[in-house]
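Commentary on secondary and tertiary structure
Here is how the chains run, residue by residue.
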Number of protein chains: 2
Amino acid sequence: MPVSDLTNSAQDYLKLIWTATEWSATPITVTVLAERMGVRPSTVSDSIKKLKDQGLLTHAPYGTIELTPAGSAHAVDMVRRHRLLETFLVQVLGYGWDEVHDEAEVLEHAVSDTMIERIDQRLGHPTRDPHGDPIPSADGQPHRPGAIQLCHAEPEGEVTVVRISDADPAMLRYFSDIGLTPDVKLTIQKQRPYTDATTITLSGQQKNVDLGQAASNAVWVTNS
Amino acid sequence: MPVSDLTNSAQDYLKLIWTATEWSATPITVTVLAERMGVRPSTVSDSIKKLKDQGLLTHAPYGTIELTPAGSAHAVDMVRRHRLLETFLVQVLGYGWDEVHDEAEVLEHAVSDTMIERIDQRLGHPTRDPHGDPIPSADGQPHRPGAIQLCHAEPEGEVTVVRISDADPAMLRYFSDIGLTPDVKLTIQKQRPYTDATTITLSGQQKNVDLGQAASNAVWVTNS
DNA sequence: CATCCAAGTTCGGCAAGACTAACATTGAAG
DNA sequence: CTTCAATGTTAGTCTTGCCGAACTTGGATG
Ligand SMILES: [Mn+2]
Ligand SMILES: [Mn+2]
Ligand SMILES: [Mn+2]
Ligand SMILES: [Mn+2]
């Protein structure tokens, strides 16, 4: 049962549920799902019920939502499509990293398996997308642990940027401007709880930068 | 009002109605439309009514279907998308000319205007797709007159292949095998009405080839 | 431990796009 | 000029995906 048997909307739900727990452990809720999908909670409730009937996830009323192995496999397939497409748009069509998410969000439902494999081949089987997110292999790689959000990191020593959330294009443009991209190293100077600011210094640069709540939430770093 | 405001189905109807009169003058009928869209005639009737209400075509019950200027503009936009995508798939992703039609049929609804322009740029503003069909420019070029189907051509002198219908992938593979592609020159040896065969010789080759009804219908040639 | 409210669910309805079955129109053949 | 078959239309129904309104649940608060 290939991913293409599902509706676009079902594909997006599965992808969203899977990615929700890729970088953090908090389980996904109906309300968050509704926000991310741009629909009302009642719509999500209905949709979840249908996905459950199809055996793609488990869910008791008012309970937690969890993907079955079948649902997870489809989700990984969609994540692979999304990230390969983003990479393709940057590498082959000269898109900026802030422009690719919305385009990929639509294309991921339209391209054939054949096209995805040709893109993968053309790009030399890339393992990370333009935002640093891992691209699952054709069989389905697990996700990467051990990274934390900048806003939760201790101010000691140098850390490496692992990935940056691709949700907000304007924020991505700002990160480009200041040179904050995946694989860049930086030092956390200070966490300021009440101003919701994180002060950092990019390695090799002098000046400090203050990042607000949203920004320091979007950046994931690791000590290694 | 950009083409993206229309549903996929509306986009396909307009494109189909426009292309129906690109190479021949016979007006499109509900039945033919139903066949090409893969739906029932009643579905077409309903859809036509909606497109009429949107001012995209004119149609009196049991009468002919004709695009308004607005409908025609959207149709040309879709044709441009379809043919640029086909060209892109061949040139950049190494598809064969028999593989691109179905992929483009889906992608044409999913890519953004931005992506289409980037593809156009990347390809150097191509003017014909892999099947020889003209690619309308961004503002909307008229179609090419003066070509006729091989089955209707007189057996005298050399003719040039202008375009080949992309509807049947298996037929396209056969044409590849025998070297019959756009811009190739050939001589028509004989039209055999009762066997529905057309005998041709590709220029620079010795042996004759018999083409059946469907094949000689799909190939459009010109004397010039 | 009773209360209350945010989170979640159910229900009825709507629009798009498809179908079948039944009906209407046209025009070609007799 | 009539007939009738092919072509086209209408009416009713389904499914998917969405909505708002009304209802239920369960955990935090006092
Ligand atoms: Mn999507
Ligand atoms: Mn990404
Ligand atoms: Mn299409
Ligand atoms: Mn073509």
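Now for a look at the structure at hand. This is a predicted model, so every value here is computed, not measured. (Residues numbered from 1 in each chain as written. Chains lettered and ligands numbered in written order. Predicted model: local features only at pLDDT ≥ 70, side-chain atom pairs only at ≥ 80, totals over all residues. Heavy atoms only, no water.)

Attention now moves to the coordination of the manganese ion (ligand 2). Residues and elements named next belong to chain A. Note on the manganese ion (ligand 2): its protein donors are E86 (OE), D129 (OD), H131 (ND1) and D166 (OD). The metal-donor distances range over 2.1 to 2.5 Å. Of note, the donors binding the manganese ion (ligand 2) are all from one chain and are spaced E-x42-D-x1-H-x34-D. Residue E86 is found in helix α4 (residues 69–93), and its partner D166 is found in the loop between β4 (158–164) and α7 (169–178); the two are separated by 80 residues along the sequence. According to the relative accessible area criterion, E86 is buried, its value standing at 0%. (Donors = N, O, S within 2.8 Å, 3.2 Å for Na, K, Ca; no water. Helix = DSSP H or I, 4+ residues; strand = E, 2+ residues; numbered from the N terminus. Buried < 20%, exposed > 50% of the residue type's maximum accessible area, 1.4 Å probe, protein only.)

B:D12 (OD), B:E105 (O), B:E105 (OE), B:E108 (OE) and B:H109 (NE2) make up the full set of protein donors to the manganese ion (ligand 3), lying at 2.1 to 2.4 Å. Read in sequence order, the donor residues for the manganese ion (ligand 3) give the motif D-x92-E-x2-E-H.

Turning to the environment of B:Q54, a few remarks are in order. All names here are of chain B. Within the secondary structure, Q54 sits in the loop between α3 (41–53) and β1 (57–58). For Q54, a relative accessible area of 47% corresponds to the partly exposed category. Linking Q54 and I28, residues 26 residues apart in sequence, is a C-alpha distance of 19 Å.

With that settled, the discussion passes to the packing of aromatic side chains. Tallied over the full model, the rule gives 5 aromatic pairs over all chains. With a centroid separation of 6.1 Å and 45 degrees between ring planes, the pair formed by A:Y174 and A:F175 is classed as tilted. A residue is classified by how much of its surface remains accessible, and A:Y174, at 35% relative accessible area, is partly exposed. Classification of A:F175 by relative accessible area gives buried; the value is 0%. With a centroid separation of 5.7 Å and 45 degrees between ring planes, the pair formed by B:W23 and B:W220 is classed as tilted. Residue B:W23 is located in the loop between α1 (8–20) and α2 (30–37), and its partner B:W220 is located in strand β8 (residues 219–222); the two are separated by 197 residues in the primary sequence. On the basis of relative accessible area, B:W23 is assigned to the buried category, the value being 10%. Given a relative accessible area of 8%, B:W220 falls into the buried group. The residue whose ring lies beneath A:R118 is B:Y95, and the NZ or CZ to ring-centre distance is 4.4 Å. (Phe/Tyr/Trp six-rings, centres within 6.5 Å; stacked < 30°, edge-to-face > 60°. Lys NZ or Arg CZ within 6 Å of the ring centre and 35° of its normal.)

Moving on, we come to the side chain of B:T87. Residue and element names in this part refer to chain B. Summarising the element assignment, T87 is placed in helix α4 (residues 69–93). Relative accessible area serves as the criterion here: at 6%, T87 is assigned to the buried category. A distance of 2.7 Å separates the side chain of T87 from the backbone oxygen of R83, its partner in a polar contact. With sequence-adjacent residues up to four places away left out, T87 is seen in contact with L123, P126, R128, D129, P130 and I135. (Polar contact = N/O pair within 3.5 Å; in protein donor to acceptor, adjacent residues only side chain to side chain. Contact = heavy atoms within 4.5 Å.)

Before going further, it helps to examine the interface of chain B and chain A. Reports of interface size often rely on the accessible area that becomes lost once the parts have come together. Every contact between the two is made by 18 residues of chain B and, on the other side, 18 residues of chain A. Of the roughly 1,500 Å² buried where chain B meets chain A, counting both sides, 60% is carbon and sulfur surface. Together, B:L93, B:M115 and B:R118 form the three largest contributors to the area buried by chain B at its contact with chain A, with a combined 37%. Applying the counting rule to chain B against chain A returns 2 salt bridges. Between the two partners, chain B and chain A, sit 10 residue pairs in polar contact (both at pLDDT 80 or more). Among the secondary structure elements, those contributing two or more residues to the side of chain B that touches chain A are α4, α5 (100–107) and α6 (113–122) of chain B. With 5 residues, the top contributor of residues to the side of chain B that touches chain A is α6(B). The class makeup of the residues in the side of chain B that touches chain A is 11 nonpolar, 3 polar and 4 charged. (Buried area = accessible area lost by both parts, 1.4 Å probe. Salt bridge = Lys/Arg side-chain N within 4 Å of Asp/Glu carboxyl O. Nonpolar A, V, L, I, M, F, W, Y, C, P; charged D, E, K, R; others polar.)

For the rest of this paragraph, the subject is the pattern of salt bridges. All names here are of chain A. With the rule as written, the count across this model stands at 24 salt bridges over all chains. The shortest N-O distance in the salt bridge between R80 and D120 comes to 3.4 Å. With R80 in helix α4 and D120 in helix α6 (residues 113–122), the pair connects residues that are 40 residues apart, well separated along the chain. In this pair, the class of R80 matches that of D120, namely buried. For the salt bridge of R128 with D183, the shortest nitrogen-to-oxygen distance reads 2.6 Å. Placement of R128 in the loop between α6 and β3 (148–149) and of D183 in the loop between α7 and β5 (185–192) is noted, with a sequence separation of 55 residues between them. The class for R128 is partly exposed, based on a relative accessible area of 25%. One network of salt bridges, with partners in common, ties together D12, K15, E105 and E108.

In the vicinity of DNA strand D, 19 residues are found, and the nearest of them are A:T7, A:T43, B:T31, B:S45 and B:H59. For DNA strand D, the backbone makes up 69% of the atoms found within 4 Å of the protein, where backbone means sugar plus phosphate. The side chain of B:T31 places a nitrogen or oxygen atom 2.2 Å from a phosphate oxygen of DNA strand D. B:K49 places a polar side-chain atom, nitrogen or oxygen, 2.8 Å from a phosphate oxygen of DNA strand D. Broken down by secondary-structure element, the contributors of at least two residues to the surface near DNA strand D are α3 (41–53) of chain A together with α2 and α3 of chain B. Top contributing element to the surface near DNA strand D by residue count: α3(B), with 5 residues. When grouped by side-chain class, the residues that make up the surface near DNA strand D number 6 nonpolar, 9 polar and 4 charged. (Near = heavy atom within 4 Å.)

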